[in-house]
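Take a look at the letters that make up each chain.
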Amino acid sequence: MKLGIVGLPNVGKSTLFNSLAGGGAESANYPFCTIDPNVGIVPVPDKRLDVLADMYTTQKVTPAVIEFVDIAGLVKGASKGEGLGNKFLSHIREVDAIVHVVRCFEDSNIVHVEAKVDPVRDIETINLELILADLEVVEKRIAKTQKQAMNDKSLAKELAVLKEIKAALEEGRNARTLEFASDEDAAYADSLTLLSRKPVLYAANVAEEDLADDGESNEYVKAVRELAKEEGSGVFVVCAKIEEEIAELEPDEKLEFLADLGCEASGLDRLIKASYSLLGLLSYLTAGVTEVRAWTIKNGTKAPQAAGKIHSDFERGFIRAEVVTYDDLVRLGSVAAAKEAGVYRSEGKDYVVKDGDVILFRFNV
C-alpha cells in the first residue's frame, strides 16, 4: 500500500511524515529506510505476528508494510506547473490513496500560507488543483477517443464515461464522487488514474489538548468531518507535534506517554486502521518455523488470488487452502489441537479469505 501525504505549507505535513517514518524504526525487519528524500517504508504493527512467532519459534517475522510518499511542492497553480507542481502531480498519480494533512490548530508562531486557519478552504485549494489537472487529461482523452470512435463504434461507451467525468469536473466535483451505471464503467474510470478519483484520508492536525477527545470539541475538525462525510472520505485526528515527540521513544515508553495523553493508539496506528478501512483491505497470515508473515489483500479476495500474493505459481496451481482462524489457533495452542477440535478447515477456490485467517496453501504446477 502506497500513501501520498499532501498538504499546503505549514500545515504539519512534513512533520507528520517524519514522525510516521520514525515510528517504524523499532522494527528489525522493516526499519524506516529512505529510498529517496521523500519516501519511507514503515511496518504495519500487528501483535498477532509476535504471538505466532512465539508459538512456532520462528526464524523470521515479516509484517505487512506501508510506503509513505511525502509529496512536496503544492501551491496554488500546481496544475499549471507552479512551484513543484509537475513533480507533485506525477508522484500523486502513483499512490493508492491520499493522506491530506489539514491544519486544525491556532498558533501565532506558525504563519499560515493564507494568513488564516481554515481547513475547508485549504482542502478546496488542493482539490481544485487536482480537478484542473484531471480536466486537462480528460479533455485530451475525449479528443483522441472521438477520432478513434469514428472507426470503432465499441468506443462509444468509453466516450460517454469520459464526458460524464468531464461534466463533473467542470462543476468542481472530484471524480471520486461519481457513481457509474456499471462496474465496467467504474473500472474504466479507475484506469484513467485521475488524481481527484484517488481515495482520500483527511489528517486533521490538532493541538495536544484536542487529542484526548479525538477532536470532538474542535470546530475545525467538525468542519473537516462534515466535508469528508459528503464526499465519502475518511478522517483521523492526529497531533503531528506529539507524534514527532513519541517517534523516538521505546515501545513501553510510547504506550505510557499515550496513556498520559488519554490516547489508546498512536497516530501511525490510527492512520493504518483508517487506511485499511478506506481501501477495503485486510491481512491474512502464514505461519511456520521458517517465517511468520502478514499479507495484505482486498476484502472479498478469494483463496486462489490470495495465494497469488505469495507467488503466481500458488494461484496458477491452486489445489486448496488449509485454514484456521488466528483466534482459534491461539486459543487451542497448535494446528494439531485445532484439527482435533474440528476448526482447521480445507477450503476450495470459492473461499473468501477473512482477516486473521492463518492459511497453508496447497498447490501443484
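Here's what I pulled together on the structure shown here. Predicted model only: the values in this text are computed from it and were never measured.

About the thresholds
Residues numbered from 1 in each chain as written. Predicted model: local features only at pLDDT ≥ 70, side-chain atom pairs only at ≥ 80, totals over all residues. Heavy atoms only, no water. Helix = DSSP H or I, 4+ residues; strand = E, 2+ residues; numbered from the N terminus. Buried < 20%, exposed > 50% of the residue type's maximum accessible area, 1.4 Å probe, protein only. Contact = heavy atoms within 4.5 Å. Areas by Shrake-Rupley, 256 points an atom, 1.4 Å probe, with all protein chains shown as cover. Axes fitted to C-alpha atoms, helices over the stretch in contact; angles between N-to-C directions. Parallel < 35°, antiparallel > 145°, perpendicular 65-115°, else oblique. Phe/Tyr/Trp six-rings, centres within 6.5 Å; stacked < 30°, edge-to-face > 60°. Lys NZ or Arg CZ within 6 Å of the ring centre and 35° of its normal. Polar contact = N/O pair within 3.5 Å; in protein donor to acceptor, adjacent residues only side chain to side chain. Salt bridge = Lys/Arg side-chain N within 4 Å of Asp/Glu carboxyl O. Left-handed = near helix turned anticlockwise from the far one by under 90°. Nonpolar A, V, L, I, M, F, W, Y, C, P; charged D, E, K, R; others polar.

Right, let's talk about the overall build of the chain for a bit. Counting secondary structure elements, the chain contains 14 helices and twelve strands. Across the 365 residues that make up the chain, the buried fraction comes to 48%. Contacts spanning at least 24 positions in sequence make up 69% of the contacts within the chain whose residues lie at least 6 apart. Here the chain displays about 18,000 Å² of accessible surface, and carbon together with sulfur accounts for 49% of that area.

The next point concerns the packing of helix α4 (residues 119-149) against helix α7 (residues 219-231). Between α4 and α7, the shortest axis-to-axis distance is 9 Å and the interhelical angle comes to 40°. The angle between α4 and α7 falls in the class oblique. Touching Pro119, Val120, Ile123 and Asn127 of α4 are Tyr220, Ala223, Val224, Leu227 and Glu231, all from α7.

As enumerated under the stated definition, the model contains three aromatic pairs in all. Each member of the aromatic cluster is reached from another via a ring pair, and the members are Tyr284, Phe318 and Phe361. Above the ring of Tyr344, the side-chain terminus of Lys339 is found at 5.1 Å from the ring centroid.

What follows deals with the environment of Arg320. Inspection of the secondary structure assignment puts Arg320 in strand β10 (residues 318-325). Residue Arg320 is classed as partly exposed on the basis of its relative accessible area of 32%. If near-sequence neighbours (up to four positions away) are discounted, Arg320 is found in contact with Ser346, Glu347, Leu360, Phe361 and Arg362. A distance of 3.1 Å separates the side chain of Arg320 from the side chain of Glu322, its partner in a polar contact.

What follows is about the side chain of His100. Relative to the helices and strands, His100 resides in strand β5 (residues 97-103). Since its relative accessible area comes to 3%, His100 is described here as buried. Residues within four places of His100 in sequence aside, it is in contact with Val6, Gly7, Asp122, Ile123, Ile126, Val200, Leu201, Tyr202 and Ala203.

So, on to the pattern of salt bridges. Going through the model one piece at a time under the given rule, you end up with 21 salt bridges. Between Lys2 and Glu67 there is a salt bridge; the shortest N-O distance is 3.7 Å. Of the two residues, Lys2 is situated in strand β1 (residues 2-6) and Glu67 in strand β4 (residues 65-70); the sequence distance between them amounts to 65 residues. The salt bridge partner of Glu231 is Arg176, with a shortest N-O separation of 2.8 Å. Of this pair, Glu231 sits in helix α7 while Arg176 sits in the loop between α5 (156-170) and α6 (183-191), and the two are 55 residues apart along the sequence. By relative accessible area, which is 14% here, Glu231 ends up buried. Looking at Arg176, the relative accessible area reads 14%, which means it is buried.

The geometry of α5 relative to α6 is characterised by a closest axis approach of 10 Å and an angle of 65° between their N-to-C directions. Taken together, the axes of α5 and α6 are roughly perpendicular relative to one another. Handedness of the α5/α6 crossing: right-handed. Touching Lys157, Glu158, Val161, Leu162 and Ile165 of α5 are Glu184, Asp185, Tyr188 and Ala189, all from α6. By residue class, the composition of the contact of α5 with α6 is five nonpolar, no polar and four charged.

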